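Overview (structure and organization)
The lines below spell out each chain.
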Amino acid sequence: MISNSRKLKIFFIGTVSFSQKALEKLIFLRAEIVGVATKSRSAFNADHKDLAPLCEINNIPWKYVKDINATHILSWIKSLEPDVIFCFGWSSLIKKELLELTPLGVVGFHPAALPFNRGRHPLIWSLVLGLEKGASTFFFMEEGADDGDILSQKLFKIKYNDDAASLYSKIEKNAMDQIPLFLKQLEDGSYSRIPQDHTKGNVWRKRGLKDGEIDFRMTTNAIYNLVRGLTRPYVGAHVIYKGKEIKIWAVKEEQFPLSNIEPGKVLEVKDFKILVKAWDGAVQILDHNFVELPKEGEYL
């Protein structure tokens, strides 16, 4: 147990927008951050953030890190003598040697109600599947995917009009409220470790390009959920039009009285908005990357 006579020495790992918010919160709380690992760029994270400028302003030692498990990086972290590692937003696995490097281990973050919805793209899947509840969970990392003991978890509602950006903001706000509470608990030794019941959990798979393609044989609600789940800051849902991938950023569900019209038929084009027949109604495409607009009667 760490003595409550001094602040917790924290090593921080992260390279996304959430990482920056969490690091800013820790700085605001005057936490003792002994080092930061980040990336100058990322091919995996649409919400990438370079934490180096924030570290420079606040005189925190930092490094750009390609392999967080590399021997020289482990040596550097060990030399800083942290009590705990916070890993909030990192796309590669943390291996056993790093997990066991500090007295309190590694605290990770997952934006879902663990043990449910472990795995990849939790924010996107939550919206695409139309879930009505979300959560922000901090947990003690182990070698498996998001399967360690829970340190802190807070639930919230996902509303119909939430999209990727608003849900990201909700998760950030939720998590920022949790950080001061569990930080104090870690410092004074009053924290709890709640084991996950993996017999009740599930693991979400990695999404691919095909998962983002709109098929107008889907229901209007399924299309709406797909678009709002992949909208900015993510890659966007898409349709294929004349052999080209066209991004779709926002749609609206519309009722359509005729059942004898095929899905994918363009019903109306007006003011750069495109009304398209879906399986059980129609969707109004509100925000898109069409250069050449489709014509009424064409098919998407």
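Scroll up to find the structure.
Calculation notes
- Residues numbered from 1 in each chain as written.
- Predicted model: local features only at pLDDT ≥ 70, side-chain atom pairs only at ≥ 80, totals over all residues.
- Heavy atoms only, no water.
- Helix = DSSP H or I, 4+ residues; strand = E, 2+ residues; numbered from the N terminus.
- Buried < 20%, exposed > 50% of the residue type's maximum accessible area, 1.4 Å probe, protein only.
- Areas by Shrake-Rupley, 256 points an atom, 1.4 Å probe, with all protein chains shown as cover.
- Lys, Arg positive; Asp, Glu negative; His and termini not counted.
- Charge placed at Lys NZ, Arg CZ, Asp CG, Glu CD.
- Salt bridge = Lys/Arg side-chain N within 4 Å of Asp/Glu carboxyl O.
- Pairing = 2+ DSSP bridges.
- Axes fitted to C-alpha atoms, helices over the stretch in contact; angles between N-to-C directions.
- Contact = heavy atoms within 4.5 Å.
- Core = buried A, V, L, I, M, F, W, Y, C linked by side-chain atoms within 4.5 Å.

Quick look at the overall build of the protein chain now. Each helix and strand in the protein chain was counted, giving 7 helices and 14 strands. Each principal axis of the C-alpha atoms in the protein chain carries an extent, and together these give about 70 × 35 × 30 Å. The burial tally for the protein chain puts 50% of its 300 residues in the buried class. Carbon and sulfur atoms form 52% of the exposed surface of the protein chain, whose accessible area is close to 15,400 Å². Side chains of the protein chain carry 41 positive and 37 negative charges; the gap between the two charge centres is 1 Å.

Attention now moves to the pattern of salt bridges. In total, this model carries 13 salt bridges according to the counting rule given. A salt bridge links Glu-245 to Lys-247; the shortest N-O distance between them is 3.1 Å. The exposure class assigned to Glu-245 is partly exposed, which follows from its relative accessible area of 36%. The exposure class of Lys-247 is buried, given its relative accessible area of 18%. Through salt bridges with shared partners, a single network forms among Lys-154, Lys-173 and Asp-177.

Okay, the sheet that holds strand 13 (residues 273–277) next. Judged by pairing direction, the sheet is antiparallel, and its 5 strands sit side by side in the order 10-11-14-13-12 without closing on themselves. The open sheet terminates on both sides in strands that have one partner only, identified here as strand 10 (237–241) and strand 12 (266–270). Each neighbouring strand pair of the sheet contributes to a mean axis angle of 40 degrees, computed without reference to strand direction. One ladder, built from 4 bridges, connects strand 12 with strand 13; its direction is antiparallel. Bridge pairing links Glu-268 to Leu-275 in strand 13. Sitting on the sheet, helix 7 (residues 220–230) touches strand 10, strand 11 (244–254) and strand 14 (282–288), and the angle it makes with strand 11 is about 120 degrees.

Of all hydrophobic cores here, the largest spans 64 residues; its most connected members are Phe-12, Phe-18, Phe-86 and Phe-88. Counting residues per element, this core draws most heavily on helix 6 (residues 164–188), at 10 residues. Look past the residues within four positions of Phe-18 in its chain and what remains in contact with it is Phe-88, Phe-109, Phe-138, Tyr-168, Glu-172, Ala-175 and Met-176. Core analysis: the second largest hydrophobic core is formed by 19 residues, Leu-74, Ile-77, Leu-98 and Leu-99 among them.

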